[in-house]
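# Residue-level structure breakdown
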Amino acid sequence: MSTLQFRTGRMFASMATAFSLFFALTATAQESIEPDPSLSNPAVSQVPDAGTVEVFFDSAIETLMKTENSPSGVIAIAHQGKLLFAKGYGYQDIDQQIKVDPNQTLFRPGSVSKLATWVAVMQLVEQGKLDLHADVNQYLKTFQIEEAFDQPITLQHILTHTAGFEDGGIGYLIFDDPSRIMPLQEAMKYYQPKRVNPPGAQTAYSNYATSLAGLIVSNVSGMPFNEYIEKHIFQPLGMNQATFDEPLPAHLADSMAKSYQLVAGEYVEKPFEIIANFGPAGGISASGTDMLKFAEAILEGGSYKGQRILQEQTLKQMLTRQFTHDDRLMGMGLGFYEADYSGTSVWGHGGDTQYFHSFLGVDQEHELSFFVSFASEGGSAIRSSIMTDFYTHFFPREETAPTPPKDFAERAVDYAGDYGFWRTNFSKIEKAFGLSSGISVIPTADNTLVLSLGGHAKQYVEVADDLFKEMNSGVSMIPGISPRLVAFQRNEAGEVSGFVMDGLPFMSLRKLAFYETSSFNFSLIGLSMAVFLWVLLRRFFQRAAIKALPATERSATQAAVWASTANVLVMVVGAVVMSVALDSLFDGVPLLLKLWLVLPILATVAGFYLLYKNLSVWQQGMGSFWFRVRYTLVTVCALSMCWFYYFWNILGFQYLE
């Protein structure tokens, strides 16, 4: 995220950075994606041999791990069902100098785990025990999904990330205390999010919906979810170094790659991350080659070394586009999504925990399957770039540069504005994280659009109605994501209402109202803080003059001082609290954060008291006219901050844990 203009902006940017880690229908199934006509045939169509692949990765990974500060990683690739390359990099345990073994060392694939959940769902669909188009409430025993929009949620919606739930996770998604683990059905009941969109309307990645699907697998099969996956997926595929169990079983605990965080230039070991309450969405621990076995089974139509986990027709359905906001872009299959690797369409899924970053891909064109995972914060950049570089190097495609239409300026204003992801929170304090995670769309003088996020910008050219193609290939707008195409959406009135990006089919964006934009809100905060600081400085330097004022005017002045002090404390203390508590946000709501939330309440009370005093100031004609105008300005700023706290759910204790 960007370094923002105000101290409070940096606070919310840090919160958004942490949150973004967790950090990825009833539509008729469509044909697989059509090739981009601007892409030529690959200049190299032959899959390289194992030695060439090893030289490529060895030469790239060592440098990347140093520059990105990643202590460990693994890459495993198969071609036509045979292992092509598998190698570990760095250390499973730095202190003990234990190197990564691709066959033994366990990594945390994060949301790649969802693919096992989707396979389990489709196994039960094959058996006639689940219906993709039935109301999921019929499969729930102890609670029901709240009714909304006069339309039920189905497994088809869940598998295409179009269920319509808001997002969430702060305080409960990932923790390190095993005593906090609860039965899956209890977690799904307690943490049920609000429904913010009709099913099938917008894509919004949902950890909750996936975990709900895992609960349904358990309910229908009559087995605990972890046990079901072990029996029906891991054992048939020979995935002996894989488990959903948390904490790890004794026979696997010593194989786990330790979690590290870089602190003052040194790697500091962090606790094992527990995701058990949302386990179906991200709880796997597995070796690189075991995850590759799973990928090979997907590429080979549901079978690996004679062991079948799904029928070939079912796999074909899962790897066929089931939902997209625009047919010209990549879309969602059933659980799998289409990703763009230098012009090659790869079905797969990415995954992030706080300390591990992974991707599992199935490339039908080149008959390749692969799994990549790298640790620590820098692992995200390596995970995202290394396979793109692999495809760029071995399967290059030439692109035709688009030419900006000369009349685009006439339409450019339709697209201009700020956009926010539908994958966000609307009902809890996490809503505030959206303050710094929007994408700005800015028309340029040369008839193009620039899309900007957190200081990263990418230029696009109109190539068809509401469809834009990148000009600067390879430049990332979102870390690790370089969308080739962007397609804008329009509402019933014909107005641009949002857009979707190629390679990110599970998170559409909506056009923000002016009062939702970061520029408006941070300008509001900046102006208000300037006014409040002016009040406090005047109080400090003109103490004697203020003390000599009449009692009523002095009381009014003191009310302005109280309101100013309270609001300044909200921002200053909040920045300090977030710098201290940032790492523990997903583990629970820190006491410091809870104490900080008292300050917006006090600031709001002070703001309304100031409004009462402002009415008295005008009614009684206190001071000069300019005194009353200045007093009103302070009141307006205080009330504006009251609105800010209320709108962004900072007012009160609006969180779960």
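These numbers come from a predicted model, not from an experiment.

## Looking at the sheet that holds strand S17 (residues 449-453)
If you walk around this closed barrel you meet the eight strands as S15-S16-S17-S18-S19-S20-S21-S22, and the pairing is antiparallel. Neighbour to neighbour, the strand axes of the sheet diverge by 30 degrees on average, direction disregarded. In the sheet, strand S15 (residues 417-421) pairs with strand S22 (residues 509-511) via three bridges, with the strands oriented antiparallel. By the bridge assignment for S22, Phe421 is matched with Leu509.

## Description of the confidence of the model for the chain
Per-residue confidence for the chain averages 90 on the pLDDT scale, and 92% of its residues sit at or above 70. This stretch, residues 1-44, has a pLDDT under 50; its non-local contacts, to residues over four places away or in other chains, come to 121 contacts.

## So, the packing of helix H14 (residues 518-541) against helix H16 (residues 551-581)
Packing of H14 against H16 brings their axes to within 9 Å, and their N-to-C directions diverge by 130 degrees. In terms of axis orientation, H14 runs oblique to H16. In this structure, the crossing between H14 and H16 has a hand that is left-handed. Along its contact with H14, which presents Ile525, Met529, Phe532, Leu533, Val535, Leu536, Arg538 and Arg539, the element H16 presents Thr557, Gln558, Ala560, Val561, Ser564, Thr565, Asn567, Val568 and Met571.

## With respect to the sheet that holds strand S5 (residues 242-243)
Pairing within the open sheet is antiparallel, and its three strands lie in the order S4-S8-S5. Only two strands of the sheet have a single partner each, and these edge strands are strand S4 (106-107) and S5. With two bridges joining them, S4 and strand S8 (residues 285-287) adopt antiparallel strand pairing. Pairing of Leu106 across the sheet is with Ser287, part of S8.

## Overview of helix H7 (residues 225-237)
The periodicity of an α-helix, 3.6 residues per turn, causes residues three or four positions apart to be oriented the same way. Relative to the 18 Å expected for 13 residues at 1.5 Å per residue, H7 spans 17 Å between its end C-alpha atoms, a close match to the ideal helical length. Most pronounced at Lys231, the bend in H7 amounts to some 35 degrees. Those residues of H7 that sit buried are Phe225, Tyr228, Ile229, Ile233, Phe234 and Leu237. Gly238 sits one or two positions beyond H7 and adopts a positive phi of about 70 degrees.

## Some thoughts on the nonpolar core
Judged by nonpolar contacts, the single largest core of 130 residues is most densely connected at Leu155 and Ile158. Broken down by element, this core gets its largest block of residues, 12 residues, from H16. Discounting chain neighbours no more than four positions away, the residues touching Ile158 are Trp118, Val136, Ile153, Ala163, Ala209, Thr210, Leu212 and Ala213. In terms of nonpolar packing, the next biggest core, distinct from the first, is built from 51 residues, Phe56, Tyr205, Leu449 and Leu453 among them.

## Points about H14
Relative to the 34 Å expected for 24 residues at 1.5 Å per residue, H14 spans 34 Å between its end C-alpha atoms, a close match to the ideal helical length. Every buried residue of H14 is accounted for by Asn521, Phe522, Leu524, Ile525, Gly526, Ser528, Met529, Val531, Phe532 and Val535.

## A closer look at the pattern of salt bridges
Counting across every chain of the model gives 22 salt bridges. For Lys66, the salt bridge identified is with Glu62, shortest N-O distance 3.6 Å. Linking Lys66 with Glu62, this pair stays in helix H2 (residues 50-68), spanning four residues, or about one helical turn. Residues Lys66 and Glu62 agree in their burial class; the two are exposed. The partner of Glu470 in a salt bridge is Lys458, with the nearest N and O atoms 2.8 Å apart. Here Lys458 lies in strand S18 (residues 456-464) and Glu470 lies in strand S19 (residues 467-470), a separation of 12 residues in the sequence. Take Glu470: its relative accessible area is 4%, and that puts it in the buried class. Among the charged side chains, a network of salt bridges with common partners joins Asp340, Lys458, Glu470 and Arg484.

About the criteria used
Residues numbered from 1 in each chain as written. Predicted model: local features only at pLDDT ≥ 70, side-chain atom pairs only at ≥ 80, totals over all residues. Heavy atoms only, no water. Pairing = 2+ DSSP bridges. Helix = DSSP H or I, 4+ residues; strand = E, 2+ residues; numbered from the N terminus. Axes fitted to C-alpha atoms, helices over the stretch in contact; angles between N-to-C directions. pLDDT = per-residue confidence, 0-100. Contact = heavy atoms within 4.5 Å. Parallel < 35°, antiparallel > 145°, perpendicular 65-115°, else oblique. Left-handed = near helix turned anticlockwise from the far one by under 90°. Expected span 1.5 Å × (residues − 1). Bend = angle between axes of the 7 residues up to and from the residue. Buried < 20%, exposed > 50% of the residue type's maximum accessible area, 1.4 Å probe, protein only. Core = buried A, V, L, I, M, F, W, Y, C linked by side-chain atoms within 4.5 Å. Salt bridge = Lys/Arg side-chain N within 4 Å of Asp/Glu carboxyl O.

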